[in-house]
Amino acid sequence: MIKPERLELPWREPVEVARQLAAQDGESGLIWLDGDGSELGHRVTIASTPREIICCRGLPGTPDAQDPFAALHQLGPGHWTGWLSYEAAAWCEPGNPWATDAMATLWIARHDPVLNFDLLSGKLWVVGTDPQANEALAERLASCSASENSRHPAIPVEAWQHHTDARDFADGVQRIRELIADGDLFQANLTACCSTTWPAHGSALELFDRIRQRCPAPFAGLVIADQGEALLSSSPERFLQVDARGRVQTRPIKGTRPRHPEPERDAALAAELVSSDKDRAENVMIVDLLRNDLGRVCMPGSIEVPQLVGLESYASVHHLTSVVEGQLQRNLSWVDLLKACWPGGSISGAPKLRACQRLHELEPTSRGPYCGSLIRVDWDGRFDSNILIRSLIRKGTTLRAHAGCGIVADSDPDGEAEELMWKLQPLLEALA
């Protein structure tokens with residue numbers, strides 16, 4: 001295990017530092033693990049100019065395809081950040097059909113040094129293994145302040161092309177209800193996609209800053225890769241965390257209501273969510289699925305549920321969130337845990353593999369990084385990851401946005417189609 005050194009710096013706002021690094025080094029290779037200032041989201045990490053990049057593309061059986069889980073097993077020590085796509089499941093469940101996506105299945109980079117911010121204490125550090133590199137970055141940040149970025153392209157809401165309209169989505173919900181009635185499924189998370197043209201002279205950093213201002217979230221993040229690929233996420237959902245002692249946590253979200261500017265109406269929406277039998281049942285179902293997934297790699301008897309169906313409120317939505325914990329087996333790593341739980345239960349369904357098969361039949365586009373995970377590995381082996389919901393994906397000249405809804409036996413097709421739109425709307429409006 002490598003132990004990095006820390007050098008404290010005068011406080012700077014994360015967006016100022018990110019802009020300065022982008023101006024000096026370019027946006028490619030920039031990573032920004034952001035938070036909303038809450039207890040779960042008060043630590044922020046920013047870095048540029050990666051020392052090493054690993055990229056995997058393709059699915060099993062395609063030319064030059066690479067197994068992303070094998071690549072993760074081979075990571076050397078260091079600070080790694082990147083994404084793993086939903087379709088990486090093809091490498092752990094090859095018997096299921098999986099869509100091909102143009103994005104990298106795995107893109108992950110090692111940065112040294114990085115900048116760590118604590119939003120609660122207002123402290124900033126350079127962290128890295130080379131004291132000279134730490135000092136050089138500190139001097140570079142102190143040498144000049146970031147100028148305001150003038151590239152602020154707006155994307156009108158009407159510029160987005162919806163690949164599944166409200167009627168088609170409602171029909172997909174009805175089809176899942178029929179499959180549930182036939183005993184084929186218990187639950188499935190149906191998603192839809194819209195896309196637009198990447199704006200001329202667009203800056204992924206500036207678009208991400210718009211999103212984080214409008215939709216702050218504890219597990220947000222920006223990863224700007226090469227080959228015109230980028231991930232902009234405002235996710236409120238932790239997928240898997242493993243601390244230095246092997247303690248595992250997952251925080252599945254199921255159950256959503258929009259926020260309302262009037263306090264009384266907002267409180268009523270939250271109360272409606274908490275008392276909804278449908279939403280609570282859906283949440284408990286996914287908790288059971290994740291307990292089973294964790295049971296494949298955790299110590300027998302170690303799995304606990306310290307929070308079952310708790311209310312959590314964010315800038316644009318109320319959510320029901322549960323917490324499941326366990327102790328990883330001593331001979332296994334976070335990669336074994338990730339593979340055992342992939343893809344996430346909250347964005348697939350139950351039974352998981354059957355749900356993924358049916359979703360493949362119903363969804364007209366691949367998911368790519370959406371419903372995958374933004375992952376981070378620290379120098380001491382600690383691992384954290386989110387579920388990539390409320391996220392935008394750039395590939396070349398195309399920008400994609402996805403959203404989804406968990407469907408159970410008593411889901412209302414038109415109501416789910418409406419929910420899909422108010423999940424998408426804050427993201428689209430933030431860019432407009």
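Residues numbered from 1 in each chain as written. Predicted model: local features only at pLDDT ≥ 70, side-chain atom pairs only at ≥ 80, totals over all residues. Heavy atoms only, no water.

Novice: Go over the overall build of the chain with me, naming the residues and quoting the values.
Specialist: When helices and strands are tallied, the chain shows 10 helices and 22 strands. Compactness check: the chain gives a C-alpha radius of gyration of 21 Å against a globular reference of 22 Å for 432 residues, within 12% of the reference. Projected onto the principal axes, the alpha-carbon positions of the chain cover approximately 65 × 50 × 50 Å. A burial count over the chain gives 57% of its 432 residues as buried. Within the chain, residue pairs in contact and separated by at least 24 positions form 75% of the contacts whose partners lie at least 6 positions apart. Carbon and sulfur atoms form 48% of the exposed surface of the chain, whose accessible area is close to 17,100 Å². (Helix = DSSP H or I, 4+ residues; strand = E, 2+ residues; numbered from the N terminus. Rg over C-alpha atoms; globule rule 2.2 N^0.38 Å. Buried < 20%, exposed > 50% of the residue type's maximum accessible area, 1.4 Å probe, protein only. Contact = heavy atoms within 4.5 Å. Areas by Shrake-Rupley, 256 points an atom, 1.4 Å probe, with all protein chains shown as cover.)

Novice: Describe the side chain of Arg 210, listing the residues and the values that go with them.
Specialist: When you line up the elements, Arg 210 lands in helix H5 (residues 204–214). For Arg 210, which is buried and forms no salt bridge, the nearest opposite charge comes from Glu 206, at a distance of 6.8 Å. In terms of polar contacts, Arg 210 uses its side chain to reach the backbone carbonyl oxygen of Leu 431, at 2.7 Å. (Lys, Arg positive; Asp, Glu negative; His and termini not counted. Salt bridge = Lys/Arg side-chain N within 4 Å of Asp/Glu carboxyl O. Polar contact = N/O pair within 3.5 Å; in protein donor to acceptor, adjacent residues only side chain to side chain.)

Novice: Let's hear about the pattern of salt bridges: which residues, and what values?
Specialist: Tallied over the full model, the rule gives 37 salt bridges. The closest approach of N and O atoms between Arg 257 and Glu 272, which form a salt bridge, is 2.8 Å. On the criterion of sequence distance, the pair formed by Arg 257 in strand E15 (residues 253–258) and Glu 272 in helix H6 (residues 263–274) is long-range, its members being 15 residues apart. Here the residues in one salt-bridge network are Lys 254, Arg 257, Glu 272, Lys 278, Asp 279, Glu 282 and Glu 416, joined through shared partners.

Novice: Residue-level account of helix H3 (residues 131–143), with values.
Specialist: In this model, H3 (13 residues) spans 18 Å end to end at C-alpha, consistent with the 18 Å of a helix rising 1.5 Å per residue. Three or more residues of H3 are buried, namely Ala 133, Asn 134, Leu 137, Ala 138 and Leu 141. Projected down its long axis, H3 shows its buried positions confined to an angular sector of 140°, all on one face. For H3, the exposed residues lying more than 90 degrees away from the buried face are Gln 132, Glu 139, Ala 142 and Ser 143. Looking at the packing, one finds that the buried side of H3 touches strand E1 (5–9), helix H1 (14–25), strand E7 (114–118) and strand E8 (123–128). Sitting at the head of H3, Asp 130 places a side-chain oxygen 3.0 Å from the backbone nitrogen of Gln 132. (Expected span 1.5 Å × (residues − 1). Arc of directions from axis to C-beta.)

Novice: Tell me about the packing of aromatic side chains, and name the residues and values.
Specialist: Inspection of the entire model under this criterion finds 6 aromatic pairs. Judged by centre distance (5.8 Å) and plane angle (70°), the rings of Tyr 86 and Trp 98 are edge-to-face. Here Tyr 86, found in the loop between strand E5 (79–84) and strand E6 (106–111), pairs with Trp 98, found in the loop between E5 and E6; they are 12 residues apart in sequence, far enough to count as distant. A residue is classified by how much of its surface remains accessible, and Tyr 86, at 5% relative accessible area, is buried. Ring plane angle 10° and centroid distance 4.5 Å describe the contact between Trp 334 and Phe 383, whose orientation is recorded as stacked. Placement of Trp 334 in helix H8 (residues 334–340) and of Phe 383 in strand E20 (residues 383–386) is noted, with a sequence separation of 49 residues between them. Per residue, the accessibility class of Trp 334 equals that of Phe 383, and both read buried. A cation sits over an aromatic face here: Arg 6 above Trp 125, 4.2 Å from the ring centre. Looking at Arg 367, its charged tip hangs above the ring of Tyr 86, at a distance of 4.4 Å from the centre. (Phe/Tyr/Trp six-rings, centres within 6.5 Å; stacked < 30°, edge-to-face > 60°. Lys NZ or Arg CZ within 6 Å of the ring centre and 35° of its normal.)

Novice: Report on unusual backbone geometry, specifying residues and quantitative values.
Specialist: Geometrically, the link from Trp 342 to Pro 343 is a cis peptide bond, its omega value of -10° lying close to zero. That bond from Ala 350 to Pro 351 is cis: its omega, -10°, falls within 30 degrees of zero. Topologically, Pro 351 is positioned in the loop between strand E18 (349–350) and helix H9 (352–362). The phi angle at Gln 227 is positive, at roughly 55°, despite the residue not being glycine. Locating Gln 227 in the fold gives a position in the loop between strand E11 (220–224) and strand E12 (229–233). Residue class for Gln 227 comes out exposed when judged on its relative accessible area of 54%.

Novice: Describe the environment of Leu 388, with residues and values.
Specialist: Tracing the backbone shows Leu 388 in the loop between E20 and strand E21 (391–395). Separated by 61 residues in the primary sequence, Leu 388 and Gln 327 place their C-alpha atoms 24 Å from one another. Leu 388 has contacts with Trp 83, Leu 231, Ser 233, Pro 369, Tyr 370, Cys 371, Gly 372, Ser 373 and Leu 374, leaving out every residue within four places of it along the chain.

Novice: I'd like a description of the nonpolar core, backed by residues and values.
Specialist: The biggest cluster of nonpolar side chains holds 62 residues, and the ones touching the most others in it are Leu 72, Trp 83, Leu 106, Trp 334, Leu 337, Leu 338 and Trp 342. Looking at which element gives the most residues to this core, the answer is H8, with 5 residues. Listed in part, the 54 residues of the second largest apolar core include Val 17, Leu 115, Val 126 and Leu 137. (Core = buried A, V, L, I, M, F, W, Y, C linked by side-chain atoms within 4.5 Å.)

Novice: For the packing of H1 against H5, give the residues involved together with the corresponding values.
Specialist: Two numbers describe how H1 lies on H5: the axes approach to 11 Å, and their chain directions differ by 170°. Taken together, H1 and H5 sit at an angle that is classed as roughly antiparallel. Contacts between H1 and H5 involve Val 15, Ala 18, Arg 19 and Ala 22 from the former and Leu 205, Glu 206, Asp 209 and Arg 212 from the latter. Split by residue class, the contact of H1 with H5 holds 4 nonpolar, no polar and 4 charged. (Axes fitted to C-alpha atoms, helices over the stretch in contact; angles between N-to-C directions. Parallel < 35°, antiparallel > 145°, perpendicular 65-115°, else oblique. Nonpolar A, V, L, I, M, F, W, Y, C, P; charged D, E, K, R; others polar.)

Novice: For the packing of helix H4 (residues 166–181) against helix H10 (residues 413–431), give the residues involved together with the corresponding values.
Specialist: Where H4 contacts H10, the axes come no closer than 8 Å and their chain directions differ by 130°. Regarding the angle of H4 to H10, the classification is oblique. At the point where H4 passes H10, the crossing takes the right-handed sense. Seen from H4, the contacting residues are Ala 166, Arg 167, Phe 169, Ala 170, Val 173, Gln 174 and Arg 177; seen from H10, they are Pro 413, Asp 414, Glu 416, Ala 417 and Leu 420. (Left-handed = near helix turned anticlockwise from the far one by under 90°.)

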